[in-house]
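Structural overview for review
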Amino acid sequence: MIFESHAHYDDEQFDADRKELLSSMRENGIGTIMNVGSDLAGVQRTIDLAQEYEFIYGAVGIHPSDISDLNEEVYEWMQEKSRLSKIAAIGEIGLDYYWDKEEEVRRNQRYWFCRQMELAREEGLPVIIHSRDAAEDTLKIVRGIHGEQIPGVIHCFSYSLEMAEEYIKMGYYIGIGGVVTFKNSKKLKEVASSIPLERILLETDSPYLAPEPERGKRNTSRNLPYVAQEIARLRGISKEEVIEKTRENAQNLFFKVKTSSKTA
C-alpha cells in the first residue's frame, strides 16, 4: 500500500465528493495519507479529517504565503493541537519568495518559519518544509537552527541534486510528486534517480500538480502509482520496490516521534 506523504483534502476543490473519494483510497492502493494544513482554517479541517478517518494523519502549520494568519494566540493554539494523537508533523512551513517580493514580508516569513521549526523541536515532531524561489535562505535557516536535530521532509523538491544532497546530509527526506513525470523536469529527474531511495517520500500535493497523463486536472492520491512508476523507471527498479521503500521511509519519519505528550 502507498503512503501519501502530502495532500490537502481540506481544500474546497474536494467539497463536492470528498467522502466518496476518500472512501475509495484503499481499493486504489493508498494505505495512509498525511493531510497537511496551510492556513488556519485548513489546519482545523485537517484535524477534523484526521479524527474522522483512521488512515488519515494530520500536520499543523501555516504556509509562508498565509502568515497573516499567525500571531502568538494562534501559535499557542497550534502547539496545543500538535499534541493530538493523530497529528504527526508541523507543516506546511517554510519560505515562498515567488509571490512575495517585499523584504518586510520575506522577513516575516523567515521569522515564522523559525518559530514553527522551534515548535516542532519542542513537541518532538518532524517538519514538512515548503521552499519556492528561496533555496539559499531556506538552507541557511535550517542549518542555523540546527535542522539536523529536527527530522523533516523538503516538500515538492524543485532544486538541484547538490541542494538535495545538502539536506540529506542533515537527515532530511526529499518529497517527490507529479512534477517528476513532466518531460521538462530534468533537475527533479536527476534527483529522483541519484539520491538514496531511503530518502524519498511519495507525495501529490493534491489537488495540485497532477502527474502525466492527468496533468492539468485535479490531482488525488490515486495518481501516486504514476509517480512511483516514473521513479522506478529512472532508477531501473520495480514500482513495487519504490512503493514499499517510500512507505517505510514515511513511517520512519512521521511515526517515530515522542508520544508522551500526545492526547486523544
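Residues numbered from 1 in each chain as written. Predicted model: local features only at pLDDT ≥ 70, side-chain atom pairs only at ≥ 80, totals over all residues. Heavy atoms only, no water.

Looking at the packing of aromatic side chains
Using the criterion set out here, one finds ten aromatic pairs in the structure. Relative to F255, the ring of F3 has its centre 5.8 Å away and its plane inclined at 50 degrees; by these criteria the two rings are tilted. Residue F3 is found in strand 1 (residues 2–7), and its partner F255 is found in helix 9 (residues 239–255); the two are separated by 252 residues along the sequence. Among the residues examined, F255 registers a relative accessible area of 34% and is labelled partly exposed. With 6.3 Å between their ring centres and 40 degrees between their planes, Y75 and W112 make a pair best called tilted. Of this pair, Y75 sits in helix 3 (residues 72–81) while W112 sits in helix 4 (residues 103–123), and the two are 37 residues apart along the sequence. Exposure class is identical for Y75 and W112. Each is buried. The ring of Y173 carries R199 above its face, with NZ or CZ at 4.2 Å from the centroid. (Phe/Tyr/Trp six-rings, centres within 6.5 Å; stacked < 30°, edge-to-face > 60°. Helix = DSSP H or I, 4+ residues; strand = E, 2+ residues; numbered from the N terminus. Buried < 20%, exposed > 50% of the residue type's maximum accessible area, 1.4 Å probe, protein only. Lys NZ or Arg CZ within 6 Å of the ring centre and 35° of its normal.)

Notes on the sheet that holds strand 5 (residues 127–132)
Ordered by their spatial adjacency, eight strands build an open sheet running 1-2-3-4-5-6-7-8, and the pairing between neighbours is parallel. A strand with exactly one partner marks an edge of an open sheet, and here the two such strands are strand 1 and strand 8 (200–202). For this sheet, the mean inter-axis angle between neighbouring strands, taken without regard to orientation, is 30 degrees. One ladder, built from three bridges, connects strand 5 with strand 6 (residues 152–154); its direction is parallel. Across the sheet, the residue bridging to V127 is G152, located in strand 6. Packing of helix 2 (residues 40–52) onto the sheet brings it into contact with strand 2 (30–36), strand 3 (56–60) and strand 4 (87–96), and relative to strand 3 it is tilted by some 155 degrees. (Pairing = 2+ DSSP bridges. Axes fitted to C-alpha atoms, helices over the stretch in contact; angles between N-to-C directions. Contact = heavy atoms within 4.5 Å.)

Description of the side chain of Q79
With respect to the helices and strands, the residue Q79 is situated in helix 3. When its relative accessible area of 17% is taken as the criterion, Q79 is described as buried. The residues touching Q79, leaving out its near neighbours within four places in the chain, are L119, E122 and E123.

Details of the pattern of salt bridges
Applying the stated criterion to the full structure yields 15 salt bridges. E166 is the salt-bridge partner of R143, the closest N and O atoms lying 2.5 Å from each other. With R143 in helix 5 (residues 135–144) and E166 in helix 6 (residues 161–169), the pair connects residues that are 23 residues apart, well separated along the chain. For E166, a relative accessible area of 24% corresponds to the partly exposed category. The partner of E230 in a salt bridge is K189, with the nearest N and O atoms 2.8 Å apart. Of the two residues, E230 sits in helix 8 (residues 224–235) while K189 sits in helix 7 (residues 186–194), which places them 41 residues apart along the sequence. A network of salt bridges, in which partner residues are shared, links E103, R110 and D137. (Salt bridge = Lys/Arg side-chain N within 4 Å of Asp/Glu carboxyl O.)

Quick look at the pairing of strand 2
Remark: a regular strand shows side chains that alternate across the two faces of the sheet. The element strand 2 is largely enclosed, with a buried count of seven among its seven residues. Between the parallel pair strand 1 and strand 2, the chain is carried across by helix 1 (residues 18–23), and the sense of this crossover is right-handed. Bridge count between strand 2 and strand 3: four bridges; the pairing is parallel. Its bridge partner being in strand 3, V36 is matched across the sheet by A59. (Right-handed = clockwise from strand over helix to strand, strands pointing away.)

Some words on the packing of helix 7 against helix 8
Interhelical geometry of helix 7 versus helix 8 gives an angle of 70 degrees and a closest axis separation of 8 Å. By the criterion of interaxial angle, the relationship of helix 7 to helix 8 is roughly perpendicular. Counting all contacts with helix 7, which are made through K189, A192, S193 and S194, the residues of helix 8 involved are E230, I231, R233, L234 and R235. Within the contact of helix 7 with helix 8, the residues separate by chemical class into three nonpolar, two polar and four charged. (Parallel < 35°, antiparallel > 145°, perpendicular 65-115°, else oblique. Nonpolar A, V, L, I, M, F, W, Y, C, P; charged D, E, K, R; others polar.)

What about the nonpolar core?
One finds Y167, Y172 and I174 to be the most contacted residues of the largest nonpolar core, which totals 68 residues. If we ignore the near neighbours within four places in the chain, the residues touching Y167 are A135, T138, L139, V142, I154, F157, Y172 and I174. Judged by nonpolar contacts, the second largest core, of 13 residues, contains A88, V153, L201 and A250. (Core = buried A, V, L, I, M, F, W, Y, C linked by side-chain atoms within 4.5 Å.)

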